[in-house]
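The lines below spell out each chain.
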Amino acid sequence: MNRIFIAALVAALHITPTVVLVKREDAVKSILPTATAFTAREVHLSGADAHRLHEALDWGPDDGLLTFYTGRSGASAVGALTFVRVDTPHGPLEVAVGFGTDGAVLRVEVTKATVETKAWVLEGVRSGVLSGYAGVKSGVTANQEAVARTPALPGGPESYRGKVGQMAGFMLEQIDKGVRRAVVSYNWFYRTSAG
Amino acid sequence: MPYDLARLDRRVKWLVTCLLGTFGLAYLFGGWMVWLYAGFTPDRVARTYAEPTAAAAPETTMVMEHAMSMSAFDAGDTAEVHLVDTKLLVQDTHVHVPMYGVIAALLSVVVLGLGVSPRWGYAFITLLFSAPWLDFAGMWLTKFASPHFAVLTVAGGFAMGLGYTLVAVLALRRMWLMPVTERTNP
């Protein structure tokens, strides 16, 4: 009887369980392999900055808090990374985006998906599309509307259309959304902040 | 009323049994999923549906930095509470309510053959349909009125489980365990 009650709650909760695709620690090692020490930089956005970010990306971080992790080797910074969540109609994704000291994207990893989206996300990841982000820099200060509309991936969806299934393509668009958020946040609030 | 589960052709009884078994199986695996990924309290339901209270933004953007170890990244791997935002709740309502309606209707058809009094028939059918109403009312009220309404969603879930269990037990008993008495026409 208890199981039936529990089961009834399932229907009530409509849970889309989160699945860890890559542990954060492994993502960090993959993105910044030479880093031996880390600092977390927490950027608490003012109302004006949060509004500016929202205007550009139709998005704001939870509690107005952006967190970047700077990797160091000895006294030298070797890069930074951030984790961005993207809420899709099929549950949330989490994307890790790393940046070199020159501000260009080093590597993108999808760290979390959901039971429902896992297969689509993995198909997208295995297609190799994410490697196309390496070296991307963004002119994010030019035109906010253009930022919101322009995919971060060079070539945009056309570069993978036909190579992956429809849902995998949709997930790659969601991943791109996360990368765009990371790139804009990094350029506006990491590179310009002290540290 | 001529329709009585006890008097059905055995193939139809088997169909009804399979239907009830399939619903039960679905519920069991769903329950397992909740057990793995979520809690069962109104508090957890409230955290899933209530919009988080926004922290007060500082007047100017503030930056704080602190050292962290590699192992600290592990903390981010713990399962997060899945927040169902308004858009997702609209979608959930759109997708789930019709299916709940179909399930309640099928179970109600079973109820009509249980041989219970009309009063009990009304009660069962009302329970089967009101449980999902309660469920979704709880979700929407939790989001837009108060997190305390999460208790409605929990109650709705329990009511669905109770409705299914009662109908399944009574139907199986009626179909397979009760002796069929011949109807005599006056």
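Cut-offs and rules
Residues numbered from 1 in each chain as written. Chains lettered and ligands numbered in written order. Predicted model: local features only at pLDDT ≥ 70, side-chain atom pairs only at ≥ 80, totals over all residues. Helix = DSSP H or I, 4+ residues; strand = E, 2+ residues; numbered from the N terminus. Buried ≥ 20, exposed ≤ 12 C-beta atoms within 10 Å, placed from the backbone. Contact = placed C-beta atoms within 7 Å. Core = buried A, V, L, I, M, F, W, Y, C linked by C-beta atoms within 7 Å. Pairing = 2+ DSSP bridges. pLDDT = per-residue confidence, 0-100. Axes fitted to C-alpha atoms, helices over the stretch in contact; angles between N-to-C directions. Parallel < 35°, antiparallel > 145°, perpendicular 65-115°, else oblique. Nonpolar A, V, L, I, M, F, W, Y, C, P; charged D, E, K, R; others polar.

Looking now at the overall build of chain B. Helices and strands together make up the secondary structure of chain B, namely 5 helices and 1 strand. Going from the N terminus to the C terminus, chain B shows its helices and strands as α-α-β-α-α-α. Taken across its 186 residues, chain B has 30% of its residues classed as buried. When contacts within chain B are restricted to residue pairs at least 6 apart in sequence, those whose partners lie at least 24 apart make up 75%.

In this structure, A:Leu81, A:Val95, A:Val97 and A:Val179 are the most contacted members of the largest nonpolar core, which totals 49 residues. Those residues within four positions of A:Leu81 in sequence are excluded, and the remaining contacts are A:Val28, A:Ile31, A:Leu32, A:Tyr69, A:Ala96, A:Val97, A:Gly98 and A:Phe99. Grouped together as the second largest cluster of nonpolar side chains are 35 residues, B:Tyr27, B:Leu107, B:Leu134 and B:Ala159 included.

As a further point, take the pairing of strand S2 (residues 37-44) of chain A. The pairing of S2(A) with strand S3 (residues 65-73) of chain A spans 8 bridges and is classified as antiparallel. If you follow A:His44 over to S3(A), its bridge partner there is A:Leu65. Here 7 bridges tie S2(A) to strand S1 (residues 62-68) of chain B, and the two strands are oriented antiparallel to one another. Counterpart to A:Thr39 in the pairing with S1(B) is B:Ala67.

Residues and elements named next belong to chain B. Of all residues in chain B, 85% attain a pLDDT of 70 or more, and the chain-wide mean is 85. The secondary structure element of chain B with the lowest average pLDDT is helix H2 (residues 42-49), at 78, and the one with the highest is helix H4 (residues 118-144), at 94. Reported for the predicted complex are a pTM of 0.64 and an ipTM of 0.77.

Time to look at the packing of helix H3 (residues 86-112) of chain B against H4(B). Residues and elements named next belong to chain B. Closest axis-to-axis distance for the H3/H4 pair is 9 Å, and the angle between their directions is 170 degrees. What the angle tells us is that H3 and H4 run roughly antiparallel. For the pair H3 and H4, the contacting residues are Thr 86, Leu 89, Thr 93, Val 97, Tyr 100, Ala 104, Leu 107, Ser 108, Val 111 and Leu 112 in the first and Gly 121, Phe 124, Ile 125, Leu 128, Phe 129, Pro 132, Phe 136, Met 139, Trp 140 and Lys 143 in the second. Of the residues contributing to the contact of H3 with H4, the split by class is 15 nonpolar, 4 polar and 1 charged.

Right, let's get into the environment of B:Ala159. Residue and element names in this part refer to chain B. Looking at the element boundaries, Ala 159 is found in helix H5 (residues 150-177). A tally of 22 C-beta atoms within 10 Å means that Ala 159 is categorised as buried. With 28 residues separating them along the chain, Ala 159 and Ala 131 place their C-alpha atoms 5.3 Å apart. Excluding its chain neighbours within four sequence positions, the residues that come into contact with Ala 159 are Leu 127, Ala 131 and Leu 134.

The strand order S1(A)-S6(A)-S5(A)-S4(A)-S3(A)-S2(A)-S1(B) describes an open sheet built from 7 strands, whose pairing is antiparallel. Looking at strand neighbours, the two that pair on one side only are strand S1 (18-20) of chain A together with S1 of chain B, the edges of this open sheet. Averaged over all neighbouring strand pairs, the angle between strand axes comes to 25 degrees, with direction disregarded. Where strand S4 (residues 76-88) of chain A meets strand S5 (residues 91-99) of chain A, 9 bridges bridge the pair, whose relative direction is antiparallel. What sits directly across from A:Phe83, in S5(A), is A:Ala96. Along the sheet, helix H4 (residues 118-126) of chain A contacts S1, S5 and strand S6 (105-114) of chain A; its crossing angle with S6(A), the most-contacted strand, is approximately 160 degrees.

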